[in-house]
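Listed here are the chains, written in short residue letters.
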Amino acid sequence: MILGNWKMYKTNKEAQSYVKTLLPLVENLDVLIGLAVPFTAISLCAELVADSSVMIGAQNMHSADEGAFTGEIAGKMLQEAGAEFVVLGHSERRVSFHETNEEIGKKVSRALEEGLKVVLCVGESLEQRKKGCEEHLEEQLSSALSGVKKTLLKQVTIAYEPIWAIGTGKSAKPKDVEKTHMFLRAVLEQIHGKTYGKKLPILYGGSVKKANIESFLQESHIDGALVGGASLEATEFASMIALVS
Ligand code: PEP
């Protein structure tokens, strides 16, 4: 599974031209592809990808069903606009918008109830890594997933994104990521049992690009990638996907 996160980039005009360039380049590739696009581009992109295997998703949502939350967006709005998934707990939201584990947990439950797939991001800062980050990652996972019904768990994908690797050009080492993914899998098994814990895909994100994507995907516990900066150009993103298809 390869997901692109556009962050706060692309007007609808730019989104349209991107998707029209991307689709013919990836149509025969055996990879699950998703694009997390700005809210304004969801309907347009969902229409454009309608006959393809590309999924469109959002990058955030509110935890309430609806309400007086000026400037926010509800899961059911995303779903109706054509989003299939939503990225939750991205470190840019945790850091810049002070999202807490508790709030992210509520968003995860709401999104699943609304029929959206969830891509739950977890990851540590450099300081946390130096001190040993297992407890931190465990807390992020368990607070988001402990309350999720087992029947809905298969709609969840985890993205391990060390904060120090996001947008910095400094990716983690594939062998270190592999070890962390094995740890995350053990935590998932603790929370929901072996059968469920084993099944959740775990993606790696953090400065993934054409030059290193294969080294990550070679590892048996890295099920895909969440790509930010390198997903912004359609031909570049398509060629990365082709390398691992
Ligand atoms: C991201 O935004 O989730 C991300 C991993 O960004 P980048 O690939 O640019 O590091």
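Everything discussed here concerns the structure shown above.
Residues numbered from 1 in each chain as written. Predicted model: local features only at pLDDT ≥ 70, side-chain atom pairs only at ≥ 80, totals over all residues. Heavy atoms only, no water.

Novice: An account of the environment of Lys150 is needed here, citing residue identities and associated values.
Specialist: Here Lys150 shows up in helix 8 (residues 150-153). A sequence separation of 46 residues divides Lys150 from Tyr196, and the C-alpha atoms of the two residues are 7.4 Å apart. Setting aside anything within four residues of it in sequence, one finds Lys150 in contact with His192 and Tyr196. (Helix = DSSP H or I, 4+ residues; strand = E, 2+ residues; numbered from the N terminus. Contact = heavy atoms within 4.5 Å.)

Novice: Explain helix 5 (residues 101-113) to me, using residue names and the numbers behind them.
Specialist: For helix 5, built from 13 residues, the straight-helix expectation of 18 Å at 1.5 Å per residue is met to within 8% by its first-to-last C-alpha distance of 18 Å. Asn101, Ile104, Gly105, Lys107, Val108, Ala111 and Leu112 are the residues of helix 5 that are buried. Here the buried residues of helix 5 occupy an arc of 160° about the axis, which is enough to place them on one side. Turned more than 90 degrees away from the buried face of helix 5 sit Glu102 and Glu113, all of them exposed. (Expected span 1.5 Å × (residues − 1). Buried < 20%, exposed > 50% of the residue type's maximum accessible area, 1.4 Å probe, protein only. Arc of directions from axis to C-beta.)

Novice: Describe the sheet that holds strand 4 (residues 85-88), naming the residues involved and giving the relevant values.
Specialist: Pairing is parallel around the closed barrel formed by eight strands, whose spatial order is 1-2-3-4-5-6-7-8. Each neighbouring strand pair of the sheet contributes to a mean axis angle of 25°, computed without reference to strand direction. The sheet contact formed by strand 2 (residues 33-36) and strand 3 (residues 54-58) spans four bridges and is parallel. Bridging from a neighbouring strand, Gly34 pairs with Met55 of strand 3. In the packing of helix 9 (residues 174-192) onto the sheet, contacts are made with strand 5 (117-122), strand 6 (156-160) and strand 7 (202-205), and the angle to strand 7 comes to roughly 140°. Here helix 12 (residues 234-243) sits on the sheet and contacts strand 1 (2-5), strand 2 and strand 8 (224-227); the angle it forms with strand 1, its principal contact strand, is near 160°. (Pairing = 2+ DSSP bridges. Axes fitted to C-alpha atoms, helices over the stretch in contact; angles between N-to-C directions.)

Novice: Would you mind going over unusual backbone geometry in detail, with residue names and values included?
Specialist: The phi dihedral of Lys10 is positive, around 90°, even though this residue is not glycine. Residue placement: Lys10 occurs in the loop between strand 1 and helix 1 (12-26).

Novice: Residue-level account of the site of the ligand, with values.
Specialist: In the neighbourhood of the ligand, 14 residues make up the surrounding shell, with Lys7, Glu161, Gly167, Ser207 and Gly228 lying closest. Contacts to the ligand include Gly229, whose backbone N or O atom sits 2.8 Å from an oxygen atom. Protein burial of the ligand: of its 290 Å² of free accessible surface, 96% is covered by the chains. In the shell around the ligand, the residues fall into four nonpolar, eight polar and two charged. (Near = heavy atom within 4 Å. Polar contact = N/O pair within 3.5 Å; in protein donor to acceptor, adjacent residues only side chain to side chain. Areas by Shrake-Rupley, 256 points an atom, 1.4 Å probe, with all protein chains shown as cover. Nonpolar A, V, L, I, M, F, W, Y, C, P; charged D, E, K, R; others polar.)

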